[in-house]
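Examination of the molecular architecture
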Amino acid sequence: FTPMARYKKKIFLFAFLISFITALLLALYVLSQVFFGDTKYLEKTAILSKIREETIIYYHDEETQIGSLFDTTHRKYTPITKVSEHLLGAMVASEDKYFYKHPGVDFFALVKALISGALKGRFNRGASTITQQTVKNIVNDWEPSFTRKFREMIRALQLERLYNKDQILEFYINQFYVVRNGNGIGIASEYYFSKKPSELTLVESAFIAGSLKGPGKYNPFIKYT
């Protein structure tokens, strides 16, 4: 080796060592947060309270009601056992086809998103799993930043540690936006088809799952009236 080649080799080894140590420390931090971090906000009572959104009533005085926010009549919590298998399958296929295989974060999809973003110069390709979307709605954290995405990944791993896949899917299907003040599969099945979630057919389930990409854009009652 020439002196310059030896120098470049040392630089490469030093950079690799620094990168390895940084990655190791980051992994240890994530594991410590997943197993020992605060998870009170993920207790089932807290999650259900967030999903159901207790009604907030505004009063002009002690007796005169002037309005309300998050009317609970528009939020019908539906257990996963009372939801059509067609709908559950369509949800997973549409939103997160590896839901039952990953630990809450699809690291393969994440790497692809990072590579795609680096090549295009902008990071706009989604790689969020159903678990990540669930925790994002639970904590209401929508800040468009890398640190928010990092927090979301840790929370998703925490959620997967505390609940099984079916429980997480149940949280998810009761969260998604349908119409103004209307969330979840109970509202969606009634709003679109005047049916219970357990009665949805394959075609109806596919429509609801597909509409999650843009509830306003794909709502036929709004678009074609």
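Remember, it's a predicted structure, so these values are computed and weren't measured experimentally.

**Thoughts on the overall build of the chain**
- Looking only at helices and strands, the chain has 10 helices and four strands in total.
- Listing each helix as α and each strand as β along the chain from the N terminus yields α-α-β-β-α-α-α-α-α-β-β-α-α-α.
- Carbon together with sulfur atoms contributes 62% to the accessible area of the chain, which is approximately 14300 Å² in total.

**Points about the packing of helix α5 (residues 130-139) against helix α7 (residues 165-173)**
- It is the contact of α5 with α7, at a shortest axis distance of 9 Å, that shows an interaxial angle of 55°. Our classification of the angle between α5 and α7 gives oblique. The handedness of the crossing between α5 and α7 comes out as left-handed. Counting all contacts with α5, which are made through Ile 130, Thr 131, Gln 133 and Thr 134, the residues of α7 involved are Ile 168, Leu 169, Phe 171 and Tyr 172.
- Among the residues forming the contact of α5 with α7, the class breakdown is five nonpolar, three polar and no charged.

**Quick notes on the environment of Ala 90**
- Here Ala 90 lies in helix α3 (residues 85-95).
- In this structure the C-alpha to C-alpha distance between Ala 90 and Gly 210, which are 120 residues apart in sequence, comes to 8.3 Å.
- Once residues within four sequence positions are removed from consideration, Ala 90 is found in contact with Ser 205, Ala 206 and Ala 209.

**What to know about the packing of aromatic side chains**
- As enumerated under the stated definition, the model contains seven aromatic pairs in all.
- Pairing Tyr 29 with Phe 150 gives two aromatic rings, centres 6.3 Å apart and planes at 15°, and the pair type is stacked. Here Tyr 29, found in helix α1 (residues 3-36), pairs with Phe 150, found in helix α6 (residues 146-162); they are 121 residues apart in sequence, far enough to count as distant.
- Centre to centre, the rings of Phe 99 and Tyr 100 are 4.9 Å apart; their planes meet at 75°, and the pair counts as edge-to-face.
- Assessed through its relative accessible area of 45%, Tyr 100 is described here as partly exposed.
- Across from the ring centre of Phe 99, 4.6 Å away, lies the NZ or CZ of Lys 165, which sits over that ring.

**Comments concerning the nonpolar core**
- If you look at the biggest cluster of nonpolar residues, it comprises 40 residues, and the most contacted ones within it are Ile 47, Met 91, Leu 169, Ile 173, Phe 176, Ile 185 and Ile 208.
- Those elements giving two or more residues to this core turn out to be α1, α2 (44-52), α3, α5, α6, α7, β3 (177-179) and α8 (185-193).
- Aside from chain neighbours lying at most four places away, what touches Leu 169 is Ile 80, Leu 88, Val 92, Phe 99, Tyr 100 and Ile 130.

Rules used throughout
Residues numbered from 1 in each chain as written. Predicted model: local features only at pLDDT ≥ 70, side-chain atom pairs only at ≥ 80, totals over all residues. Heavy atoms only, no water. Helix = DSSP H or I, 4+ residues; strand = E, 2+ residues; numbered from the N terminus. Areas by Shrake-Rupley, 256 points an atom, 1.4 Å probe, with all protein chains shown as cover. Axes fitted to C-alpha atoms, helices over the stretch in contact; angles between N-to-C directions. Parallel < 35°, antiparallel > 145°, perpendicular 65-115°, else oblique. Left-handed = near helix turned anticlockwise from the far one by under 90°. Contact = heavy atoms within 4.5 Å. Nonpolar A, V, L, I, M, F, W, Y, C, P; charged D, E, K, R; others polar. Phe/Tyr/Trp six-rings, centres within 6.5 Å; stacked < 30°, edge-to-face > 60°. Buried < 20%, exposed > 50% of the residue type's maximum accessible area, 1.4 Å probe, protein only. Lys NZ or Arg CZ within 6 Å of the ring centre and 35° of its normal. Core = buried A, V, L, I, M, F, W, Y, C linked by side-chain atoms within 4.5 Å.

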